[in-house]
Amino acid sequence: LREGHGTIEVRFKHFKTDEPLWMSYSVFTLQDEDDRPIGFATISQSIDARKQDEDRMELLIDELNHRVRNTLAIVNAIATQTMKHTPSVAEFRRAFGGRIAALAKTHTLFATKRWNASTLHELIVQQLEPYTRDRADAVVIAGPRLLVNPKQALTLSLVMHELAANAAKYGALSVPAGRVEIGWRIEPRRS
C-alpha cells in the first residue's frame, strides 16, 4: 500500500453457485490533486481458467516424468538382457538397436493416439513393417479387432520384434519364399 497498489491471487466463492473461483484481486490507492490518499479502488478478475491450465500442466508433467522413468527402466532391462545373450559388441549393438527401435515405434504409435488403446493388428503391422517392405506377401496377419493398452503394447511390441528378428535370421523370413502367419481368436469365457 505504500507504493499505492497491491495484487494478490485469492480463491473466492462464486456468489450464486458457491463454487471456488480463482481471482486476481488488485487494490489501488486513489489520490487527490495533492497526491494525498483519499480512498481505494479494487479490480477483481477471474483467473480460474489459467489456474486450471496450470493444474493440468503440473499433472501432465508428473505423468511425463512417470513415463520417462518407466521407459528408462525398460531400456535398462533391455540392455541388461541383451548383454547377457550377445557374444560381441557388434551383435549387442545390432540387437539392442533393434529392440530400442521397436520400443520407439510403439511409443510413436501411442503418441499419435494420445496414449489411448491401439489394435493388436496395428501393433503387429508396425513391428513387422521392416520385413514386409520389399515383400508384402511375407507376412499374413489375421484376427478379430482386439484393443491393447499402452502397457500391454510395449511388452507385445518387444515380443513381436524378437519373433520377427528370429524369423529373419533363422526362420521363414530368412529365405525368399518364406512366409509368416500370425493369427489370434477370442474364445468365449469358460465358467
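Data block above holds the structure.
*Asks:* Teacher, can you tell me more about the overall build of the protein chain here?
*Replies:* Across its full length, the protein chain holds four helices and seven strands. The order of α-helices and β-strands along the protein chain, N terminus first, is β-β-β-α-α-β-α-β-β-α-β. Against the globule reference of 16 Å for 191 residues, the protein chain gives a C-alpha radius of gyration of 29 Å, more extended than a compact globule. Counting only C-alpha atoms and orienting by the principal axes, one finds that the protein chain spans roughly 95 × 50 × 35 Å. Restricting the contact set of the protein chain to residue pairs at least 6 apart, pairs at least 24 apart contribute 51%. When the accessible area of the protein chain is evaluated, it comes to approximately 14,000 Å², of which 57% is carbon and sulfur surface. Here the protein chain contributes 26 positively and 23 negatively charged side chains, and the mean placements of these two sets differ by 14 Å.

*Asks:* Is there a simple way to explain the nonpolar core in this structure?
*Replies:* The tendency in soluble globular proteins is for nonpolar side chains to be buried side by side. In this structure, Leu120, Ile124, Leu128, Val139, Leu173, Val180 and Ile182 are the most contacted members of the largest nonpolar core, which totals 17 residues. Of all the secondary structure elements, the ones that give two or more residues to this core are helix 2 (89–112), helix 3 (120–132), helix 4 (150–169) and strand 7 (180–183). In this structure, leucine 128 is in contact with Val139, Met160, Ala164 and Ile182, ignoring residues within four places of it in sequence. Core analysis: the next-biggest nonpolar cluster, separate from the first, contains five residues, Ile78, Ala102, Leu103 and Leu154 among them.

Scoring rules and cut-offs
- Residues numbered from 1 in each chain as written.
- Predicted model: local features only at pLDDT ≥ 70, side-chain atom pairs only at ≥ 80, totals over all residues.
- Heavy atoms only, no water.
- Helix = DSSP H or I, 4+ residues; strand = E, 2+ residues; numbered from the N terminus.
- Rg over C-alpha atoms; globule rule 2.2 N^0.38 Å.
- Contact = heavy atoms within 4.5 Å.
- Areas by Shrake-Rupley, 256 points an atom, 1.4 Å probe, with all protein chains shown as cover.
- Lys, Arg positive; Asp, Glu negative; His and termini not counted.
- Charge placed at Lys NZ, Arg CZ, Asp CG, Glu CD.
- Core = buried A, V, L, I, M, F, W, Y, C linked by side-chain atoms within 4.5 Å.
- Buried < 20%, exposed > 50% of the residue type's maximum accessible area, 1.4 Å probe, protein only.

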